Amino acid sequence: MPTLVIDDQKVTVDPGTTIIQAAKKLDITIPHYCYHPRLKSVDMCRMCLVEVKDIPKLQTACSTQVRDNMVVFTNNQKVLDARRSVLEFLLINHPLDCPICDKAGECMLQDFYFQFSRHTSKFKEKKQKKHKVVNLGPKIVLDSERCILCARCVRFLKEVVGTEELGIFDRGDHSEIGIYPGRPLENNYQGNLADVCPVGALTAKDFRFACRSWFLCQENSICPGCSTGCNVLVHSSERSYDKTLRRVYRLTPRDNDEVNQSWLCDVGRYGYHFVDDPDRLTAPSLKRGEEYVKVDWDTAFREVAQRLRGIFERYSPSSLGIIPSPQLTNEDLYMVKKFFNETLCITNIDFKLPGWNQGQGDGFLLKADRNPNTMGAELLGLSGIGPQAGEIIEKTRLGEIKALYLVGSDPARYLGEEKIASALSRAQLVVFQGSNYNYACKFAHAILPGATFVEKEGTFTNAQARVQKINQALRPLGESLPDWKIILGLALTMGYYFPYKAAEDIFKDIAREVTGFSGLDYKKVGDKGIKLALSGG
Amino acid sequence: MKIVGHKLSFLENIYLFEIVRGLVITTRHFFYNMFFHIAHLLGYQQDVEAAVTIQYPEQTIPVSKRWRGVHRINTRPDGSPRCVACMLCETVCPVQCIHIVAEEHPDPAIEKYPVSFEVDVTRCCWCGMCEEACPVDAIYMDSGKIPKAGYSRQDLVYDKETLTKEVPLPGYQRSLNPPGAGAPKVNPMGL
Ligand code: SF4
Ligand code: SF4
Ligand code: SF4
Ligand code: SF4
């Protein structure tokens, strides 16, 4: 194992490691543009030049492999001068677009200019004009003038996605990134290009001009788009003066070697819009005649409790059906199970609506099962206790089930509106609890607004049985509440008390009672999640 | 900390004497001003000043050239705002009273423009930092105006149309270009 010295610090690394990786171990960041930890090094930008003792010329840290007894300087005058020259060179034709550039504030060119260069331009000639606002496809815009030709985008599409839609055309300072005629970007991973590009040359249309990056808060979360459970950062803003600016602006990938590396698919990346959709349910409402009236939580709980009790007394627990959704967190689902199944002895609980996991997977990140917590629902036992969800709907249609409680699920999406209409219109009581309006709400006697994944704390269990944590980035919209809190409130109104103050308390009980979760707590789950110890893989 | 107290004397303690003293001061000012104002009217004693009340808003006192009044947004030759919606003024504003919504401009050479630009003058602390932050000669506080009163708070949130209509007070202009002049397309590269 070679041992080398970087800036007077000793480090031992595996053979074959490059200087930039070895430096990272020591928390020394070597500035770079074209190098990306998940792409092959190509030595294109020359930004990572460092001095190696006894080698007359500066070496590129991204591709020079370490040797035993190597002595590297990453910050001496020679290196700083080279860095400054590289920056000066990169900025020759660069436009002064920072005020209107979406990357500003998180741009590596801006950052390194202020950190290392701060030169005034010596360039007297005319700047090279290139194409601006070039549409590369439905999701990405290119500004060739801002491009520093690091080829990260080209290599990403070649090495990671494999579609190779982008290329570098022309020569010298005329070089430009571009697509081939008639082949726009169409792959499901192009959203990553805006993250991969170190400057503002490739920007996302979804985020274009929506917000300056420095107004955004970031919170660790998990993508709710499919059962892979990619790790994401939720960028949101809740500026105090204007409530309408409370929204999620974008999701970006968060590194996790075990799950999504550094990438995110577009289905998940742009799937957050339901959070700020106008169809969000914001206040508990009760049906009075044909109208819905907004009420406070206490009134809603009392009414639902009273009607549930009425049905209990007249019929039996088997006249009640619950359909939870695998979009809910483990904590929410645990509450559903604990209250409806274990306390009220209802066995008609199932989340598997016909076709629930039949999306289109792509073999890389996107899975056919578009629910983030199917595994969790499975492990917590929300299926296989009684009839399948499809049968519950059918039984409602036949009048065997008198009351239906939907927790976040959207049965019309899978079974069609007609079927749902004929079933739900026969039920004596339909309660819809969820974040967004869907077809089933039309028949609901009570609507209880739930919080979305960015508005609550909790955990998802992905398809590899990895428990990962979501954190609260925004306050719940309007009067909506996390689903577990709604069930807690309903239970209390019906006379059952559960001692939970936070999602964490529920997780402690999950850890105590559910196989695979034993010994876990939020601290152990951490930012990167933890794989459950399940027998048989 | 040292507390400097003032101990009331006997005369001050009985109040009556102080009331009379106050009346004397007021009366003296009254007659002094009346005498000199009449004298001024008749053309005498012009070099002695008497107290004046300015009849605001009919009358205003001239302000300094550096004085910061109601904001205005400078315009291009076609009358559209020069602002490129960079939100630097919104960022720097210490009281967060500027709200901008940006959108894509159909002309790629302009690219970004504000669809809505609001300054809440009830919150503004008139620090002038927005003026300094602007990279494109767009926001200025040289209109020489004091905001008028309004019937509602919303009356005092000035929108893009109001702000672009404002012009600098003659002789007070601080922008490089007067409204409606300068380069037709302002991107941050060329004013
Ligand atoms: S890419 Fe970076 S340096 Fe270039 S205009 Fe955008 S923010 Fe500024
Ligand atoms: S568009 Fe961005 S990622 Fe692609 S070569 Fe240019 S700077 Fe690099
Ligand atoms: S003058 Fe100061 S407080 Fe007023 S809008 Fe400008 S930056 Fe904000
Ligand atoms: S700083 Fe100037 S260009 Fe930027 S948003 Fe404010 S007024 Fe517009």
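Above this text is the structure in question.
Report follows, based on the coordinates. Model, not experiment: these values are computed from the prediction.

Thoughts on the overall build of chain B
Next, step 1: Helix and strand counts for chain B come out as five helices and five strands.
Next, step 2: Put simply, chain B runs from its N terminus to its C terminus through helices and strands in the order α-α-β-α-β-β-α-β-β-α.
Next, step 3: Against the 2.2 N^0.38 benchmark of 16 Å for 191 residues, chain B shows a C-alpha radius of gyration of 25 Å, more extended than a compact globule.
Next, step 4: For chain B, the spread of C-alpha atoms along the principal axes amounts to about 80 × 55 × 35 Å.
Next, step 5: With 191 residues in all, chain B has 33% of them scored as buried.
Next, step 6: At a minimum sequence separation of 6, the contacts of chain B that also span at least 24 residues come to 65%.
Next, step 7: Side chains of chain B give 19 positive and 21 negative charges; the mean places of these two sets differ by 6 Å.

Focus on the packing of helix α2 (residues 77–90) of chain A against helix α3 (residues 108–117) of chain A
For any two helices packed against each other, one specifies the inter-axial angle together with the distance between the axes.
Residues and elements named next belong to chain A.
Next, step 1: Put simply, α2 and α3 touch, their axes get as near as 10 Å, and they point 135° apart. Judged on the interaxial angle alone, α3 and α2 are oblique. You can see that α2 and α3 cross each other, and the crossing is left-handed. Between α2 and α3, the contacting residues are L80, R83, R84, L87 and L90 on the first element and L109, F112, Y113, F116 and S117 on the second.

Quick notes on the interface of chain A and chain B
Next, step 1: Contacts between the two partners involve 18 residues from chain A and, on the opposite side, 20 residues from chain B.
Next, step 2: Counting across the interface, chain A meets chain B through three salt bridges.
Next, step 3: In this structure, the salt-bridge partner of B:E104 is A:R208, at a minimum N-O distance of 2.5 Å.
Next, step 4: On the surface where chain A and chain B come into contact, there are four residue pairs in polar contact (both at pLDDT 80 or more).
Next, step 5: Its residues placed into classes, the side of chain A that touches chain B shows nine nonpolar, one polar and eight charged.

Notes on a nonpolar patch on the surface
Next, step 1: Taken together, B:F30, B:F31, B:M34, B:I38, B:L41, B:L42 and B:Y44 make up a surface patch of nonpolar side chains, about 820 Å² in accessible area.
Next, step 2: Among the secondary structure elements, B:F31 is positioned in helix α2 (residues 16–41).

Overview of empty space enclosed by the protein
Residues and elements named next belong to chain A.
Next, step 1: Applying the stated criterion to the full structure yields five cavities of 30 Å³ or more.
Next, step 2: In this model, the largest cavity occupies a volume close to 90 Å³.
Next, step 3: Every residue lining the largest cavity is counted, 14 residues in all, and those nearest its centre are C147, C150, C153, I177 and C197.
Next, step 4: Of the residues in the lining of the largest cavity, the class split is 13 nonpolar, no polar and one charged.

Side note on the pairing of strand β16 (residues 320–324) of chain A
All names here are of chain A.
Next, step 1: The buried fraction of β16 is high, at five of five residues.
Next, step 2: Burial along β16 is two-sided: L320, I322 and P324 and G321 and I323, pointing in opposite directions, are all buried.
Next, step 3: Note that β16 and strand β17 (residues 403–407) share five bridges and pair parallel. Of the residues in β17, the one forming a bridge with P324 is V407.

With respect to the site of ligand 1
Next, step 1: If you check the shell around ligand 1, you find A:H94, A:D97, A:C98, A:C101, A:A104, A:C107, A:Q110, A:R146, A:V199 and A:G200 and nothing else.
Next, step 2: Among the residues forming the shell around ligand 1, the class breakdown is five nonpolar, three polar and two charged.

Considering the sheet that holds strand β4 (residues 59–60) of chain A
Consider a sheet: its strands pair through backbone hydrogen bonds, and that pairing is either parallel or antiparallel.
All names here are of chain A.
Next, step 1: Taken in spatial order, the five strands line up as β2-β1-β5-β3-β4 in an open sheet, and their pairing is mixed. The strands lining the two open edges of the sheet, one partner per strand, are β2 (9–12) and β4.
Next, step 2: Contacting β3 (49–52) and β5 (71–73), α2 crosses the sheet at an angle of about 160° to β3.

Thoughts on the nonpolar core
Next, step 1: Counting 92 residues, the largest nonpolar core has A:Y33, A:L109, A:L166, A:L193, B:I98 and B:F117 as its most contacted members.
Next, step 2: The residues touching A:Y33, leaving out its near neighbours within four places in the chain, are A:C45, A:M47, A:L87, A:L90, A:M108, A:L109, A:F112, A:I148, A:C150, A:R152 and A:P198.
Next, step 3: Counting 55 residues, the second largest nonpolar core, distinct from the first, contains A:W297, A:A377, A:Y405 and A:L532.

Some details on helix α7 (residues 297–314) of chain A
Residues and elements named next belong to chain A.
Next, step 1: Taking 1.5 Å per residue as the helical rise, α7 with its 18 residues ought to reach 26 Å, and the 26 Å between its terminal C-alpha atoms agrees with that figure.
Next, step 2: Among the residues of α7, those classed as buried are W297, A300, F301, E303, V304, A305, L308, I311 and F312.
Next, step 3: Those residues of α7 hidden inside the fold are in contact with β14 (285–288), β16, β17, β18 (429–434), β19 (446–449) and α13 (483–493).

Regarding the layout of surface pockets
All names here are of chain A.
Next, step 1: The space that makes up the largest pocket amounts to roughly 1200 Å³.
Next, step 2: Around the largest pocket, the lining is made up of 44 residues, and of these H36, M108, R152, D195 and D255 lie nearest the centre.
Next, step 3: Elements with a minimum of two residues in the lining of the largest pocket: α1 (19–25), α3, α5 (191–196), β10 (202–204), β12 (231–237) and β13 (247–253).
Next, step 4: Residue contributions to the lining of the largest pocket peak at five residues, all from α5.
Next, step 5: Looking at the lining of the largest pocket, its residues break down into 20 nonpolar, 11 polar and 13 charged.
Next, step 6: Counting residues domain by domain, the lining of the largest pocket receives three or more from each of domain 1 (3–90) and domain 2 (98–204).

Things to note about the pattern of salt bridges
All names here are of chain A.
Next, step 1: As enumerated under the stated definition, the model contains 32 salt bridges over all chains in all.
Next, step 2: The closest approach of N and O atoms between K129 and E145, which form a salt bridge, is 4.0 Å. Note that K129 is positioned in the loop between α3 and β6 (134–135) and E145 in the loop between β7 (140–142) and α4 (152–161), a separation of 16 residues in sequence.
Next, step 3: With a relative accessible area of 56%, K129 lands in the exposed category.

Side note on the sheet that holds strand β21 (residues 466–470) of chain A
All names here are of chain A.
Next, step 1: Taken together, three strands build an open sheet; the order of strands is β20-β21-β22 and the sheet is antiparallel. With one partner strand each, in any of the chains shown, β20 (458–461) and β22 (530–531) form the two edges of the open sheet.
Next, step 2: The pairing of β21 with β22 spans two bridges and is classified as antiparallel. Bridging from a neighbouring strand, R466 pairs with K531 of β22.

Digging into the site of ligand 4
All names here are of chain B.
Next, step 1: Around ligand 4, the surrounding shell holds 13 residues, and the nearest of these are C83, C86, M87, C89 and C134.
Next, step 2: With respect to the pocket detection grid, ligand 4 is positioned in the second largest cavity.
Next, step 3: The class makeup of the residues in the shell around ligand 4 is 13 nonpolar, no polar and no charged.

About the cut-offs
- Residues numbered from 1 in each chain as written.
- Chains lettered and ligands numbered in written order.
- Predicted model: local features only at pLDDT ≥ 70, side-chain atom pairs only at ≥ 80, totals over all residues.
- Heavy atoms only, no water.
- Helix = DSSP H or I, 4+ residues; strand = E, 2+ residues; numbered from the N terminus.
- Rg over C-alpha atoms; globule rule 2.2 N^0.38 Å.
- Buried < 20%, exposed > 50% of the residue type's maximum accessible area, 1.4 Å probe, protein only.
- Contact = heavy atoms within 4.5 Å.
- Lys, Arg positive; Asp, Glu negative; His and termini not counted.
- Charge placed at Lys NZ, Arg CZ, Asp CG, Glu CD.
- Axes fitted to C-alpha atoms, helices over the stretch in contact; angles between N-to-C directions.
- Parallel < 35°, antiparallel > 145°, perpendicular 65-115°, else oblique.
- Left-handed = near helix turned anticlockwise from the far one by under 90°.
- Salt bridge = Lys/Arg side-chain N within 4 Å of Asp/Glu carboxyl O.
- Polar contact = N/O pair within 3.5 Å; in protein donor to acceptor, adjacent residues only side chain to side chain.
- Nonpolar A, V, L, I, M, F, W, Y, C, P; charged D, E, K, R; others polar.
- Patch = residues over 30% accessible without salt bridge, like charges linked within 9 Å, V, L, I, M, F, W, Y side chains within 5 Å.
- Areas by Shrake-Rupley, 256 points an atom, 1.4 Å probe, with all protein chains shown as cover.
- 1 Å grid on protein atoms, 1.4 Å probe; cavity = no way out; pocket = protein on both sides within 12 Å on 5 of 7 lines; lining within 4 Å.
- Points joined across faces, edges and corners; volume = space filled by probe spheres on them.
- Pairing = 2+ DSSP bridges.
- Near = heavy atom within 4 Å.
- Core = buried A, V, L, I, M, F, W, Y, C linked by side-chain atoms within 4.5 Å.
- Expected span 1.5 Å × (residues − 1).
- Domains from an automatic or database assignment.
- Sits in = over half its atoms within 2 Å of the grid points.

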